[in-house]
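What the coordinates show
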Amino acid sequence: MIQTIRGFRDILPGDTDLWQTIEKTASALFEDFGFQEIRLPVIEKTELFARSIGEATDIVEKEMYTFADRKGDKLTLRPEATASAVRSYIQHKMYAADPVKKLYTIGPMFRRERPQKGRYRQFYQINAEVFGIASPYIDAQMILMLNELFQRLGLTDLKAHVNSLGCPRCRPEFQKALTAFLASKKEGLCSNCTRRMDKNPLRTLDCKAPGCREALADAPSPLDRLCEKCTDHFNTVKTVLDQQNVDFIVDKNLVRGLDYYSRTDFEIQTSALGAQSAVAGGGRYDALVQELGGPPSPAIGFAIGFDRLVEIVSQLTTKQEARGPELFIITVGAGSIEKGYLLSSGLNLKGVRTEMDFGQRSLKSLMKRADKLHARHVLIMGEEELDTNALVLRNMTDRTQTTISADDALNELLTRLGH
Ligand code: AMP
């Protein structure tokens with residue numbers, strides 16, 4: 001038997017109901033805030049991710065599904081969506097008519113991480129990106145929007161963690177302090193961090209190795225060295241979040257695993273998921289559009305871990321019984337199959353969830369099947385019923401029966417089933 005590959009999984013019928021509900025809730029909310037949906041390809045040139053996410057990050061160094069296609073072009077299954085959204089914003093000159101563009105997208109991402117509960121190699125994200133607004137109000141609004149989405153989905157055990165990573169003006173100062181600190185703690189660091197500490201010292205701050213966590217407990221924070229503009233920006237974000245009653249804490253070492261962030265970064269964390277505590281994360285990336293060849297455009301975005309969100313919401317709700325058909329048509333005898341089929345699909349076209357059985361089986365076994373499918377009504381349409389022009393409609397809940405005329409069955413059923 002051929003099975004799914006490690007870290008990849010099917011999302012089965014029954015489970016997809018919740019995915020759809022969340023998708024609808026998110027898109028309705030985002031559209032109220034002025035976002036439009038964009039659908040992006042799942043494969044891009046490797047260079048796009050290497051340049052945006054950063055060469056010395058876990059994603060680019062170890063986790064990307066990269067391959068050469070038949071012509072030798074180096075391609076990658078997207079590990080995240082922001083880089084593609086930026087590429088698209090530039091490629092289609094979305095800034096030409098108006099620099100402000102608000103986009104959201106929902107789809108699969110691919111990272112070759114070690115699979116565990118809440119961590120998959122194909123996972124899904126709900127992303128939102130805003131281009132062309134530098135104001136801190138929009139940072140607060142992105143966090144507000146996330147908070148509102150989670151509230152609408154009934155989540156309570158959540159906290160927004162926010163930080164500021166500074167800008168190209170104040171970041172070098174911080175990096176110098178961090179590099180000096182790291183040099184003094186070199187013995188305690190893992191080999192990954194020792195290797196990266198000169199090239200990309202910021203990455204050490206989100207290393208999960210226990211030794212590194214301990215060694216870096218007192219590491220300098222970018223917050224201690226923000227320039228005046230970054231300080232003002234961050235203060236406004238915090239003030240507005242307070243005004244809008246968003247529950248947050250300042251998490252001075254929150255750096256996130258991608259290089260393109262500047263100023264505000266944030267994560268929504270929960271204790272409902274064990275080790276995988278982050279259910280969403282994001283931040284500003286004011287330099288990225290220009291770095292990838294576009295005009296200077298401030299930008300900010302977030303990604304929600306869809307699989308993790310589904311996991312939390314499903315812990316809170318009891319799974320609905322599978323929805324059975326509204327009507328199950330029982331045909332008995334070869335002569336009634338065609339009439340049954342025409343009626344059944346006629347009802348489908350009118351919006352009545354109708355099923356029938358195409359095998360020639362006994363009335364008894366078909367009644368059993370209707371029961372198993374949790375059909376709400378059964379229509380018995382044997383040759384005898386057709387001859388006498390009296391089909392039997394049985395309500396499977398209260399077990400009452402009525403007869404309806406075969407000639408006008410479609411309209412009579414629509415009326416009786418309340419359509
Ligand atoms: P990132 O794109 O790394 O900023 O991650 C954003 C969110 O995506 C995280 O907060 C997680 O909820 C989710 N996420 C990231 N990687 C995985 C994964 N391998 N499996 C499931 N969810 C993930």
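Keep in mind it's a predicted model, so treat the numbers as computed, not measured.

1. So, the layout of surface pockets
- In this structure, the second largest pocket spans a volume of roughly 690 Å³.
- Forming the boundary of the second largest pocket are 27 residues, of which Gly14, Asp15, Asp17, Leu18 and Lys319 lie nearest the centre.
- Mapped onto the lining of the second largest pocket, the elements with two or more residues apiece are helix 1 (16-32) and helix 11 (306-316).
- Considering only residue class, the lining of the second largest pocket consists of 10 nonpolar, eight polar and nine charged.

2. A look at the domain arrangement of the protein
- Split into domains, the protein comes out as domain 1 (15-170 + 226-316) and domain 2 (327-416).
- Each of domain 1 and domain 2 has a C-alpha centre, and the two are 51 Å apart.

3. Let's talk about empty space enclosed by the protein
- Scanning all chains against the criterion turns up one cavity of 30 Å³ or more.
- Its boundaries defined by the atoms lining it, the largest cavity holds a volume of some 30 Å³.
- As for the largest cavity, its lining consists of Lys117, Gly118, Leu273, Asp307, Arg308 and Glu311.
- Among the residues forming the lining of the largest cavity, the class breakdown is one nonpolar, one polar and four charged.

4. Some points on the nonpolar core
- Among the nonpolar cores identified, the biggest contains 50 residues, and Ile22, Phe30, Phe150, Phe302, Ile304 and Leu309 are the most heavily contacted of them.
- Considering every element that reaches this core, the biggest residue donor is helix 5 (residues 136-152), with nine residues.
- Counting residues in hydrophobic clusters, the runner-up holds 41 residues, among them Ile53, Ile59, Phe131 and Leu258.

5. A look at the pairing of strand 12 (residues 327-332)
- Summarising burial for strand 12: five of the six residues are buried, a large majority.
- Alignment of strand 12 against strand 13 (residues 354-356), held across three bridges, turns out to be parallel. Bridging from a neighbouring strand, Leu327 pairs with Thr354 of strand 13.
- One crossover worth recording links strand 12 to the parallel strand 13 by way of helix 12 (residues 337-349), and it is right-handed.
- Here six bridges tie strand 12 to strand 14 (residues 377-382), and the two strands are oriented parallel to one another.

6. Side note on the environment of Asp218
- Here Asp218 lies in the loop between helix 8 (210-215) and helix 9 (228-243).
- Note: C-alpha distance between Asp218 and Asn253 (35 residues apart in sequence) is 9.6 Å.

7. Things to note about the side chain of Arg87
- Tracing the backbone shows Arg87 in helix 4 (residues 82-91).
- A distance of 2.8 Å separates a polar atom in the side chain of Arg87 from a polar atom in the side chain of Glu44.

8. Regarding the site of the ligand
- The immediate surroundings of the ligand are formed by 15 residues, with Arg111, Glu113, Tyr120, Arg256 and Ala278 found nearest.
- Measuring from a nitrogen atom of the ligand, one finds a side-chain N or O atom of Glu113 at 2.7 Å.
- Between a nitrogen atom of the ligand and a main-chain N or O atom of Tyr120, the distance comes to 2.8 Å.
- In the complex, the protein chains occlude 93% of the 480 Å² of accessible area that the ligand would expose alone.
- Going through the elements one at a time, strand 6 (122-131), strand 10 (278-284) and strand 11 (299-305) are the ones with two or more residues in the shell around the ligand.
- Sort the elements by how many residues they give to the shell around the ligand and strand 10 lands first, with three residues.
- Its residues assigned to classes, the shell around the ligand comprises seven nonpolar, three polar and five charged.

9. Overview of helix 5
- With 17 residues, helix 5 extends 24 Å between its outermost C-alpha atoms, agreeing within 8% with the 24 Å of an ideal straight helix rising 1.5 Å per residue.
- With 12 of its 17 residues buried, helix 5 lies for the most part within the structure.
- Residues of helix 5 that are buried include every one of Pro136, Ile138, Asp139, Ala140, Met142, Ile143, Leu144, Met145, Leu146, Asn147, Leu149 and Phe150, and no others.
- Sitting at the head of helix 5, Ser135 places a side-chain oxygen 3.0 Å from the backbone nitrogen of Tyr137.
- Positive backbone phi, at 85 degrees, marks Gly154, one or two positions downstream of helix 5.

10. Quick word on the pairing of strand 16 (residues 401-404)
- Bridge analysis of strand 15 (residues 391-395) against strand 16 gives four bridges, and the strand direction is antiparallel. Paired with Leu391 across the bridge in strand 16 is Ile404.

11. As for the packing of aromatic side chains
- Tallied over the entire structure, the rule returns 13 aromatic pairs.
- When the centroid spacing of 6.1 Å and the interplanar angle of 50 degrees are considered together, the rings of Phe30 and Phe35 count as tilted. Phe35 matches Phe30 in its accessibility class, with the two residues each being buried.
- With a centroid separation of 5.6 Å and 65 degrees between ring planes, the pair formed by Tyr89 and Tyr95 is classed as edge-to-face.
- For Tyr95, a relative accessible area of 23% gives the class partly exposed.

About the cut-offs
Residues numbered from 1 in each chain as written. Predicted model: local features only at pLDDT ≥ 70, side-chain atom pairs only at ≥ 80, totals over all residues. Heavy atoms only, no water. 1 Å grid on protein atoms, 1.4 Å probe; cavity = no way out; pocket = protein on both sides within 12 Å on 5 of 7 lines; lining within 4 Å. Points joined across faces, edges and corners; volume = space filled by probe spheres on them. Helix = DSSP H or I, 4+ residues; strand = E, 2+ residues; numbered from the N terminus. Nonpolar A, V, L, I, M, F, W, Y, C, P; charged D, E, K, R; others polar. Domains from an automatic or database assignment. Core = buried A, V, L, I, M, F, W, Y, C linked by side-chain atoms within 4.5 Å. Buried < 20%, exposed > 50% of the residue type's maximum accessible area, 1.4 Å probe, protein only. Pairing = 2+ DSSP bridges. Right-handed = clockwise from strand over helix to strand, strands pointing away. Polar contact = N/O pair within 3.5 Å; in protein donor to acceptor, adjacent residues only side chain to side chain. Near = heavy atom within 4 Å. Areas by Shrake-Rupley, 256 points an atom, 1.4 Å probe, with all protein chains shown as cover. Expected span 1.5 Å × (residues − 1). Phe/Tyr/Trp six-rings, centres within 6.5 Å; stacked < 30°, edge-to-face > 60°.

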